[in-house]
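Commentary on secondary and tertiary structure
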Amino acid sequence: MKYFFLSILSSALLLYGFAFLYGLGKTTLIAGTPAMPGIREALASPKLLAASPLAPLAGLALALIAAGLGFKLAIVPLQFYAPDVYQGTTNANAGLLAVAPKIAGVAGFIRLVVVAMPGAADLAWQVALVLAIVTMTIGNVCALWQKNVRRLMAYSSIAHGGYLLIGLAAAAAAASAGQPTIRGGVTSMLFYVLVYSLATMGTFAALSFLGSVRRDVSGVDELAGLARSQPLVAGALAVFMFSLAGLPPLAGFWGKLNLFSAAVQLATTDLKGGVPLCFAVLAVAGALNAAIAAAYYLRIVAVMYFQSAAQPAAAAGGRTAWLATVLCALLVVGVGALPGRLMQAAVNSESVLRPGIQTVQQQPPAPQIAATAAAPQ
């Protein structure tokens, strides 16, 4: 019921934000063309936005959209539902809640904040930066003393929502500074949400396999001795925990490295308005939070490998859960070993989403194309 009513509230806030966007852009198109301009063209710069008599509504639209999408990412102050909801449901449903809303929230933030509202980017990066620090700190610190594995993963999900906001802040700050060639914010968000989804889905698939129809694995202590009774599943869970902690050479390491690199790039760029100092603080806060997070992820690994089991896990979740666990573990290891292709796809996606950035694989110049077309076959 808590999730149900809060989701209704967040949807209402999001739709109210849409109404203000429609009023500002006079269209429902996010990105249009010169013949049919969209919201992005109407809010293309702070000067165009300031010239509109409805300019004060841009900040309100941004706040409402951030609140609506913040529920999906479980960012502060809309994160308090997550621990109770994760604990009250099954491992399979908790995995769905941990992954699907995160993907939708990232897509929404990119399309509605980075793409549709470049003129409000100055306010956007400041809000995202503050929320990123607060969210990942609350999520990681509260996860330290959790004994229920689903509540622990709920706070982990909150912390990862804060990490994702680092990319949003970097993308908005680059747009605000008029530096379209500074890229990495959107790329890091897209890459990170994928590697996070793989590790989280694999974790809950493993927990589903270790349980049964009558009883779910819920306590961290229930994983004791798993390395002896279910060595393959224990190894897969260790891979997921190491990846979520950002340890090399797994996929999560490259995800955190991209996010922190986007912040460091802005911290070392000569920009006005205190942007370098703010992003230096953000990068340091992110690194400290990564260290805090490693404590509770490694605690799960220690329980599996260094504690004796009073009662072995039932492990009656079925072959499908087992296959999902193994597949996710292989993908986490594979992406960690060969991240280049997936990274290139994320870079190309940012090039398409953000105008002013050239894709890596550029087309040949016009004279060359004409000469090629005129050459005999």
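On a predicted model such as this, the values are computed, not experimentally measured, just so you know.

**Description of the overall build of the protein**
A count of helices and strands for the protein gives 16 helices and zero strands. Across the 377 residues of the protein, 51% fall into the buried class. Taking as baseline every contact in the protein between residues at least 6 positions apart, the subset at least 24 positions apart corresponds to 81%. Split by element, the accessible area of the protein, about 16,900 Å² in all, is 69% carbon and sulfur.

**Digging into the packing of aromatic side chains**
By the definition in use, this model includes ten aromatic pairs. Of the aromatic side chains, those joined through ring pairs into one cluster are Tyr3, Phe71 and Tyr81.

**A closer look at the environment of His160**
Residue position: His160 is located in helix 8 (residues 149-176). Look at His160 and you get buried, because its relative accessible area is 2%. As a C-alpha pair, His160 and Tyr192 span 32 residues in sequence and 9.1 Å in three-dimensional space. The contacts of His160, once residues within four sequence positions are left out, are Lys102, Tyr192, Tyr196, Leu244, Lys256 and Tyr297.

**Side note on the side chain of Ser188**
Within the fold, Ser188 resides in helix 9 (residues 185-210). For Ser188, the side chain forms a polar contact with the main-chain oxygen of Gly185, separated by 2.8 Å. Once residues lying within four places of it in the same chain are set aside, the contact partners of Ser188 are Gly167, Asn258, Leu259 and Ala262.

**Quick word on unusual backbone geometry**
Residue Val76 is joined to Pro77 through a cis peptide bond whose omega torsion reads 5°. With respect to the helices and strands, the residue Pro77 is situated in the loop between helix 4 (56-73) and helix 5 (81-88). Note the cis peptide between Pro248 and Pro249, where omega equals 5°. Mapped onto the fold, Pro249 is located in the loop between helix 11 (231-245) and helix 12 (251-267).

**Things to note about the nonpolar core**
Within soluble globular proteins, side chains that are nonpolar generally end up buried alongside one another. Formed by 121 residues in total, the largest nonpolar core has its most connected members in Met117, Ile166, Leu223, Phe240 and Phe279. If one sorts the elements of this core by residue count, helix 8 sits on top with 17 residues. Those residues in contact with Ile166 that lie beyond four places of it in its chain are Ala132, Met136, Leu259, Phe260, Ala263 and Leu282.

**With respect to the packing of helix 11 against helix 14 (residues 319-337)**
One way to put it is that helix 11 packs onto helix 14 with a least axis distance of 10 Å and a crossing angle of 45°. Taken together, the axes of helix 11 and helix 14 lie oblique to each other. For the pair helix 11 and helix 14, the crossing hand works out as left-handed. Of the residues in helix 14, those touching helix 11 at Leu232, Val233, Ala236, Val239, Phe240 and Ser243 are Trp322, Thr325, Val326, Cys328, Ala329, Val332 and Val333. Class assignment of the residues belonging to the contact of helix 11 with helix 14 gives a composition of eleven nonpolar, two polar and no charged.

**Remarks on empty space enclosed by the protein**
On inspection of all chains with the given rule, the structure shows six cavities of 30 Å³ or more. In this structure, the largest cavity occupies an estimated 70 Å³ of space. Every residue along the wall of the largest cavity is listed here: Leu62, Ala66, Phe109, Val113, Ala124, Val127, Ala128, Leu131, Leu165 and Leu168. Those elements that provide at least two residues to the lining of the largest cavity are helix 4, helix 6 (91-115), helix 7 (121-143) and helix 8. Take the lining of the largest cavity: its biggest share by element is four residues, from helix 7. Class assignment for the residues of the lining of the largest cavity results in ten nonpolar, no polar and no charged.

Cut-offs used in this document
- Residues numbered from 1 in each chain as written.
- Predicted model: local features only at pLDDT ≥ 70, side-chain atom pairs only at ≥ 80, totals over all residues.
- Heavy atoms only, no water.
- Helix = DSSP H or I, 4+ residues; strand = E, 2+ residues; numbered from the N terminus.
- Buried < 20%, exposed > 50% of the residue type's maximum accessible area, 1.4 Å probe, protein only.
- Contact = heavy atoms within 4.5 Å.
- Areas by Shrake-Rupley, 256 points an atom, 1.4 Å probe, with all protein chains shown as cover.
- Phe/Tyr/Trp six-rings, centres within 6.5 Å; stacked < 30°, edge-to-face > 60°.
- Polar contact = N/O pair within 3.5 Å; in protein donor to acceptor, adjacent residues only side chain to side chain.
- Core = buried A, V, L, I, M, F, W, Y, C linked by side-chain atoms within 4.5 Å.
- Axes fitted to C-alpha atoms, helices over the stretch in contact; angles between N-to-C directions.
- Parallel < 35°, antiparallel > 145°, perpendicular 65-115°, else oblique.
- Left-handed = near helix turned anticlockwise from the far one by under 90°.
- Nonpolar A, V, L, I, M, F, W, Y, C, P; charged D, E, K, R; others polar.
- 1 Å grid on protein atoms, 1.4 Å probe; cavity = no way out; pocket = protein on both sides within 12 Å on 5 of 7 lines; lining within 4 Å.
- Points joined across faces, edges and corners; volume = space filled by probe spheres on them.

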